[in-house]
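Chain residues, written in single-letter form:
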Amino acid sequence: MVHIFRNPWRGGGIDGAGLLPLAEAGDVAALLQRCPAHAATPLRPAPDLAAELGIAALWLKDERARMGLGSFKALGAAHAIAREAAATGAEDLRHALRGRVYVTASAGNHGLSVAAGARLFGARAVIHLAETVPDAFATRLQAKGAEVVRSGATYEDSMQEAARAAEVQGWTLLSDSSWPGYTELPLRVMEGYLQLAAEAAAQIDAPPTHILLQAGVGGLAAAVAAHARHVWGQAPQIVVVEPEAAPALRDSLRAGRVVDTQGPVSIMGRLDCKTPSLIALNGLARDADSIATISEEEAQRGVDLLARHGLATTASGGAGVAALLAGLDLPPDARVLAILSEGPELG
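Note that the structure is predicted; figures quoted are calculated from it, not measured.

Cut-off values and rules
Residues numbered from 1 in each chain as written. Predicted model: local features only at pLDDT ≥ 70, side-chain atom pairs only at ≥ 80, totals over all residues. Heavy atoms only, no water. Pairing = 2+ DSSP bridges. Helix = DSSP H or I, 4+ residues; strand = E, 2+ residues; numbered from the N terminus. Contact = heavy atoms within 4.5 Å. Axes fitted to C-alpha atoms, helices over the stretch in contact; angles between N-to-C directions. Buried < 20%, exposed > 50% of the residue type's maximum accessible area, 1.4 Å probe, protein only. 1 Å grid on protein atoms, 1.4 Å probe; cavity = no way out; pocket = protein on both sides within 12 Å on 5 of 7 lines; lining within 4 Å. Points joined across faces, edges and corners; volume = space filled by probe spheres on them. Nonpolar A, V, L, I, M, F, W, Y, C, P; charged D, E, K, R; others polar. Phe/Tyr/Trp six-rings, centres within 6.5 Å; stacked < 30°, edge-to-face > 60°.

J.: I'd like a description of the sheet that holds strand S5 (residues 124-129), backed by residues and values.
T.: Spatially, 4 strands are ordered S6-S5-S4-S7 in an open sheet, and the strand pairing comes out parallel. Each edge of the open sheet carries a strand with a single partner, namely strand S6 (147-150) and strand S7 (172-173). Pairing of strand S4 (residues 101-106) with S5, which is carried by 6 bridges, proceeds in the parallel orientation. Directly across from tyrosine 102, in S5, lies its bridge partner alanine 125. Sitting on the sheet, helix H6 (residues 155-169) touches S4, S5 and S7, and the angle it makes with S4 is about 165 degrees.

J.: Let's hear about the side chain of serine 277: which residues, and what values?
T.: Mapped onto the secondary structure, serine 277 falls in the loop between helix H9 (248-255) and helix H10 (278-287). Among the residues examined, serine 277 registers a relative accessible area of 0% and is labelled buried. Leaving out residues up to four positions away in the same chain, serine 277 has contacts with Ser177, Ser178 and Val217.

J.: Tell me about empty space enclosed by the protein, and name the residues and values.
T.: Inspection of every chain in the model, using the stated rule, returns 3 cavities of 30 Å³ or more. Computed from the structure, the largest cavity encloses a volume of approximately 270 Å³. Mapped by element, the contributors of at least two residues to the lining of the largest cavity are helix H4 (109-120) and helix H8 (219-232). No other element matches the 3 residues that H8 contributes to the lining of the largest cavity. The residue makeup of the lining of the largest cavity, split by class, is 10 nonpolar, 10 polar and 4 charged. A volume near 50 Å³ is recorded for the second largest cavity.

J.: Break down the packing of aromatic side chains for me, citing the residues and quoting the values.
T.: For the structure shown, the criterion picks out 2 aromatic pairs. Aromatic side chains phenylalanine 72 and tyrosine 193 sit 5.0 Å apart centroid to centroid with 70 degrees between the ring planes, which places their arrangement in the edge-to-face category. Taken together, the residues phenylalanine 72 in the loop between strand S3 (57-62) and helix H3 (77-87) and tyrosine 193 in helix H7 (residues 184-203) connect sequence positions 121 residues apart. Relative to tyrosine 182, the ring of tryptophan 179 lies with its centre 4.6 Å away and its plane at 25 degrees, an arrangement referred to as stacked. Judged by relative accessible area, which is 12%, tyrosine 182 ranks as buried.

J.: Break down the layout of surface pockets for me, with residues and values.
T.: Within this model, the largest pocket holds a volume of roughly 480 Å³. Elements represented by at least two residues in the lining of the largest pocket include exactly helix H1 (26-32), H3 and H4. The leading source of residues in the lining of the largest pocket is H4, at 4 residues. Partitioning the lining of the largest pocket into residue classes produces 15 nonpolar, 2 polar and 4 charged. Glu156, Met159, Gln160, Asp260 and Thr275 are the residues nearest the centre of the second largest pocket, which is lined by 19 residues in total. For the lining of the second largest pocket, the per-class residue count stands at 9 nonpolar, 7 polar and 3 charged.

Below you can see the structure in the form of structure tokens.
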């Protein structure tokens, strides 16, 4: 059964929290107009699935084919790199960042965005992967021109190695998380995700009563929540969904500060982050109504349900719907917006 934690900071946020997510997507849209791979992803009404789940309506923002990279992450790091390329003033942006090296850790999709962005603007990408990341992601990263380094048993281990490499080599660390003293690039990564939120707001035929947002470090959830409040105000109930194995946002909201959590490896691999992003925590403390944690079995049941409805994804990509199936208590007239954040794993 899904477990719910009510956010005690809702509305005001954590006292003295500092930097918050951006909420306005106009700058992102303007930059994306210069990208030939950019196209809006569909918002899919799912009436049969809604009926099975006992709610009035369900819309799924389908990110499984975003810019040919297979997840919402295509909007993040590539956007941050594109901003740096545009800032050079170069006439030919394809070579604007020649000589630059971007290094990061990834559970897969963020690394693809770094790799694609770096190659597009003439830079190199070095991606550190934990031992638990599937080989299929490593192969896809290499196909995008990235150098792949296996380092550590967990995402946190690989992030430490990426940060060390950036310091030693003089490379640019491009994380999708943030911490004290490291906020500028992660803020721009999160800004890229606002495009997804803005598209959904324009595509939906009625404001949702509930928004379900899966979270690892929390960047996607915080960006979408910020834009949702910007567009729809305080009315929608925003529920963040985390694995029981990695309740980083729940425990940090409980403590009123960033805390490290412990837990086993989760099948929700892209959500299996034991420490939240500082900026994301600040934003979700203000904007999210509650945190729902789901088990491995509940996540798998969600994947299976979506597959039966022709919506193939992973345990990470379908976590929002999995929370509904696991017993998230919503009224029968609920109109729910959720995100299919990635396609099925390959290979």
